[in-house]
Structures are given as C-alpha cells and as structure tokens.
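Each chain, written out:
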Amino acid sequence: MKILFVVTHVFLSEPLGAMILMAICNKDGHETKLVDATRDDLSTHVKEWSPDVIAYSTVSSDLYLIKRQ
C-alpha cells in the first residue's frame, strides 16, 4: 500500500510523529512518502504518486492549508 503523509511547516523541528508512523509502515512493507503542504503542491504529489491512503498531521491553525488543496 502507498501512504502519503502530509505535514505543515517543516522548518523548526522534524515531524517526529509522522516519521515514526512512516517507519512502522515501511517495516510492514508499505511505501511511504512525506510532503510539506506549505512548500509542495499536494495535488501534484497525489496525481503523480497515486497513494492509497493520505494521512495528514496538522494543528488547528494550519487546517486551511490542507483544505485549499
């Protein structure tokens, strides 16, 4: 299964929660990819990579970044 993890504002610290989940998924044989919604065009990644699951992690104040895609 291909799982796309989406985070916001990766500049002050690593998205450790998403990275741990990615490691677990990779260990179980899944493909994972990490995208920063504030720097990358999310729709392009979805169209080109065609993930089975999209998982996003954000805080309430950044929810608009996910909804605009």
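Going by the structure above, here's the rest.
The rules behind the values
Residues numbered from 1 in each chain as written. Predicted model: local features only at pLDDT ≥ 70, side-chain atom pairs only at ≥ 80, totals over all residues. Heavy atoms only, no water. Helix = DSSP H or I, 4+ residues; strand = E, 2+ residues; numbered from the N terminus. Contact = heavy atoms within 4.5 Å. Patch = residues over 30% accessible without salt bridge, like charges linked within 9 Å, V, L, I, M, F, W, Y side chains within 5 Å. Areas by Shrake-Rupley, 256 points an atom, 1.4 Å probe, with all protein chains shown as cover. Salt bridge = Lys/Arg side-chain N within 4 Å of Asp/Glu carboxyl O. Buried < 20%, exposed > 50% of the residue type's maximum accessible area, 1.4 Å probe, protein only. Polar contact = N/O pair within 3.5 Å; in protein donor to acceptor, adjacent residues only side chain to side chain. Expected span 1.5 Å × (residues − 1). Pairing = 2+ DSSP bridges. Axes fitted to C-alpha atoms, helices over the stretch in contact; angles between N-to-C directions.

Caption draft 1: Region of the structure containing the overall build of the chain. Tallying secondary structure elements over the chain gives three helices and three strands in all. If you list the helices and strands of the chain from N to C, you get β-α-β-α-β-α. A separation of at least 24 residues holds for 73% of the contacts in the chain among residues at least 6 apart in sequence.

Caption draft 2: Here's a closer look at unusual backbone geometry. The backbone phi angle of S50 is positive, close to 50°, even though this residue is not glycine. Take S50: it is sitting in the loop between α2 (42–49) and β3 (53–56).

Caption draft 3: Broad picture of a nonpolar patch on the surface. Together, L16, M19, I20, L21, I24 and L34 make up an exposed nonpolar region whose accessible area comes to about 550 Å². By secondary structure assignment, the location of L16 is in helix α1 (residues 16–27). The exposed category is assigned to L16, whose relative accessible area is 54%.

Caption draft 4: Geometry of the side chain of H45. The residue H45 is located in helix α2 in this model. At 3.2 Å, the side chain of H45 and the side chain of K33 are in polar contact. Apart from the residues within four sequence positions on either side, H45 is in contact with K33, V35, D40 and S50.

Caption draft 5: Layout of α1. In a regular helix each residue adds 1.5 Å, so twelve residues correspond to 16 Å; α1 covers 16 Å between its end C-alpha atoms and thus fits that length. Contacts made by the buried residues of α1 are with β1 (2–7) and β2 (31–36).

Caption draft 6: Representation of the pattern of salt bridges within the structure. Considering all chains together, one arrives at one salt bridge under this definition. Here R39 and D36 are joined by a salt bridge, their closest N and O atoms 3.7 Å apart. A relative accessible area of 55% places R39 in the exposed class. For D36, a relative accessible area of 7% corresponds to the buried category.

Caption draft 7: Region of the structure containing the sheet that holds β1. Sheet architecture is open: three strands sit in the order β2-β1-β3, paired in parallel fashion. Looking at which strands have only one partner, the edges of the open sheet turn out to be β2 and β3. With direction set aside, neighbouring strand axes in the sheet form an average angle of 20°. Pairing of β1 with β2 involves six bridges; the strand directions are parallel. Paired with I3 across the bridge in β2 is T32. Across the sheet, α1 is in contact with β1 and β2; its angle to β2 comes to roughly 160°.

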